[in-house]
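The primary structure of each chain is shown beneath.
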Amino acid sequence: MSRRPKVVLITGVQAAGKSTLAPLLADHLGPPSMALDGDVFYSAVRAGHARMGPDPDPEAVRQLRLRYEASALVANHYAASGFHVVIADVVLGEDVTAWMERIASAERHLVVLNPGPEVVLARERGRGGDSYRDWDHGSGSPAEGVRTLQEFLEQGPRRGLWLDTSALDPSQSVEAILADGMAGSRY
């Protein structure tokens, strides 16, 4: 193959739109291309699953890092075979840099979805979720939980494309990512 494969990490808080956009973006990048949601590794742990929270125990952190390592390994494996790869996962703070450094032989891209808290909560309610219940610092405010996780997002590298998708539908979001030949999302 004459083109260099792209590996795109789409991150953001829960209900930001990652899982919706990853396959749509992969469809535009390929063929060949593949999309993978990091939740596959999260739900694969059947016995001994440790849930992440504001004060995680070491096992929860270990399992989270295993998940990140697994998705990066899959991304490298497919990219080495000429595939464009789009990974959707909640990768925050310093873990973004560590994840990107694992990508060996592909053009690296980072897309950070950052819609407003009200939009995130509406999407979360629409899918019947309550991901933010543990992150509100006891305030009882789900919006506070969203803001807490967005603060962790802000601790990551200010690289790639940071995209407020509050007013964008999925196809408009993909168009924004593809604009300028994806130069804006280069890591």
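Structure: see above.
Residues numbered from 1 in each chain as written. Predicted model: local features only at pLDDT ≥ 70, side-chain atom pairs only at ≥ 80, totals over all residues. Heavy atoms only, no water.

Moving on, we get to the overall build of the protein chain. Secondary structure summary: the protein chain contains seven helices and five strands in total. Its helices and strands in sequence order give the protein chain the pattern β-α-β-α-α-β-α-β-α-α-β-α, from N to C terminus. Its C-alpha atoms give the protein chain a radius of gyration of 16 Å, within 12% of the compact-globule value 16 Å for 187 residues. Principal-axis analysis of the C-alpha atoms places the extent of the protein chain at approximately 55 × 40 × 30 Å. Within the protein chain, buried positions represent 46% of all 187 residues. Considering only intrachain contacts with a sequence separation of at least 6, the fraction spanning at least 24 residues in the protein chain is 75%. In the form shown here, the protein chain has an accessible surface area of approximately 9100 Å², with 52% of it arising from carbon and sulfur atoms. Taken as two groups, the 19 positive and 24 negative side-chain charges of the protein chain have centres that lie 5 Å from each other. (Helix = DSSP H or I, 4+ residues; strand = E, 2+ residues; numbered from the N terminus. Rg over C-alpha atoms; globule rule 2.2 N^0.38 Å. Buried < 20%, exposed > 50% of the residue type's maximum accessible area, 1.4 Å probe, protein only. Contact = heavy atoms within 4.5 Å. Areas by Shrake-Rupley, 256 points an atom, 1.4 Å probe, with all protein chains shown as cover. Lys, Arg positive; Asp, Glu negative; His and termini not counted. Charge placed at Lys NZ, Arg CZ, Asp CG, Glu CD.)

Just distances and angles here, no functional claims.
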